[in-house]
Amino acid sequence: MKISQQQLNDAAAKQIISPQQANELYAFFEEQQANVAQFTFTHVLYYLGGLIAIGAMSLFMTLGWSSFGGAGILAISLVYALLGLSLTHHFANKQLAIPAGICATFVTCLTPLAVFGLQQWLGLWPDDSAYRDYHRYIAWHWLYMELATLAIGTIIAWRYRYPFLVMPIAVTLWYLTMDLSVMLAKSTDYETSWELRKLVSMYTGLLMIALAFWVDIRARAANAINHKDYAFWIYLFGAIAFWGGLSLQHSDSELAKLGYFAINLTMIAFGVLLVRRVFVVLGAFGCSFYLGHLAYNVFEDSWFFPIALSLIGLLIIYLGVLWQRHEQVISQRLQSFLPLPLQQLLASKHG
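So, how was this worked out
- Residues numbered from 1 in each chain as written.
- Predicted model: local features only at pLDDT ≥ 70, side-chain atom pairs only at ≥ 80, totals over all residues.
- Heavy atoms only, no water.
- Helix = DSSP H or I, 4+ residues; strand = E, 2+ residues; numbered from the N terminus.
- Buried < 20%, exposed > 50% of the residue type's maximum accessible area, 1.4 Å probe, protein only.
- Core = buried A, V, L, I, M, F, W, Y, C linked by side-chain atoms within 4.5 Å.
- Contact = heavy atoms within 4.5 Å.
- Axes fitted to C-alpha atoms, helices over the stretch in contact; angles between N-to-C directions.
- Parallel < 35°, antiparallel > 145°, perpendicular 65-115°, else oblique.
- Left-handed = near helix turned anticlockwise from the far one by under 90°.
- Nonpolar A, V, L, I, M, F, W, Y, C, P; charged D, E, K, R; others polar.
- Salt bridge = Lys/Arg side-chain N within 4 Å of Asp/Glu carboxyl O.

The name that an unreviewed UniProt entry assigns to the protein chain is DUF2157 domain-containing protein, with the source organism given as Thalassotalea euphylliae.

Shown next, in the form of structure tokens:
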């Protein structure tokens, strides 16, 4: 719920609160949101500049850097890292949490480049692939870079505790699922390798979602007032890894396809419950795929299917009306069966 100064003024005009309380409440809400990313021109500039700097050292790296050699790449990465840490300290001391978090994230994103330079310098790089291929291709020899990034990212995130620092950790975990599957699939048969990759992605995504859920509960318990969203990026890439691996599975069984539909419905419910849009969006895509399968394959020649589907849609709308009428009673009754930390988390999402 977003509350504006005008809404508080309107409440004061109706004598629900006093004008002084309206001003004090608005000042309090502004203070609470000072270090939360918002769609403002200042924050857009922060993230635009940060993403350009991060992209320059990752996605947009040119082949020209190969001329520096392994030692040169390592040295430049360390200089950039020291600069990034200095800026992080500078912004943190000035209570500018968002630019401080972006600079700390920039340092974490330098880790794979530094490890690449170190491996080349020591003669441990296995082939002639360039660093920019790290973000384009799946290969087993990226594992050292990924493990180092996870280690450095965890240390920096523990030290500075800015939510944006979880982003490179989540991306690296996502990369790790794909590269681990290549290492585990020693078979040269592409079909066998592809099946294993899908399974690894699906199960690793589940583990990432479980990790994000744990982080969500711990973050809420640790700071009930100024709740920082540390779990967002882990949820995002965990959901993508799980749903992508699941959706790429192939089965000729209609029962299995129905199970896929049920899983996607569960994702939508989970997303609504925890206010995580990524689950709702991916679940909606999955449900659409299943309904498309029914329309174009199972009931291709049936005139009744569109009518039945329309009636189901109207029934769902009616269930929504019933839910709205009795939501508070049902929610309280269901939440009473949950553990206390989970009840507190849900209360913070829907309070």
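Once you've had a look at it, read on.
### Some points on unusual backbone geometry
We note that Gln15 has phi near 65°; this positive angle belongs to a residue other than glycine. Checked against the element boundaries, Gln15 lands in the loop between helix H1 (5-13) and helix H2 (19-32). Residue Gln15 is classed as exposed on the basis of its relative accessible area, which comes to 73%. The phi dihedral of Arg161 is positive, around 60°, even though this residue is not glycine. Mapped onto the secondary structure, Arg161 falls in the loop between helix H7 (143-160) and helix H8 (166-184).

### Notes on the nonpolar core
The biggest cluster of nonpolar side chains holds 63 residues, and the ones touching the most others in it are Leu113, Met145, Leu165, Ile234, Tyr235 and Phe279. The residues touching Leu165, leaving out its near neighbours within four places in the chain, are Gly101, Ala104, Thr105, Thr108, Ile156, Ala157 and Tyr160.

### Considering the packing of H8 against helix H10 (residues 232-247)
Direction vectors running N to C along H8 and H10 enclose 15°, while the axes themselves pass 8 Å from each other. One way to sum up the angle between H8 and H10 is to call them roughly parallel. H10 is crossed by H8, and the crossing has right-handed handedness. Where H8 abuts H10, its residues Val166, Met167, Ala170, Val171 and Trp174 lie against Trp233, Ile234, Phe237, Ile240 and Ala241. Residue composition of the contact of H8 with H10, grouped by class: 10 nonpolar, no polar and no charged.

### A short note on the pattern of salt bridges
Within the structure shown, the criterion is met by 2 salt bridges. The partner of Asp216 in a salt bridge is Arg276, with the nearest N and O atoms 3.2 Å apart. Placement of the pair is Asp216 in helix H9 (residues 190-222) and Arg276 in the loop between helix H11 (254-274) and helix H12 (277-298), with a sequence separation of 60 residues. When its relative accessible area of 1% is taken as the criterion, Asp216 is described as buried. Classification of Arg276 by relative accessible area gives buried; the value is 6%. Here Asp229 ties to Arg276 by a salt bridge, and the two come within 2.9 Å at their closest N and O atoms. With Asp229 in the loop between H9 and H10 and Arg276 in the loop between H11 and H12, this residue pair connects regions lying 47 residues apart in the sequence. Residue classification places Asp229 among the partly exposed residues on the basis of a relative accessible area of 30%. Members of the salt-bridge network, linked through shared partners, are Asp216, Asp229 and Arg276.

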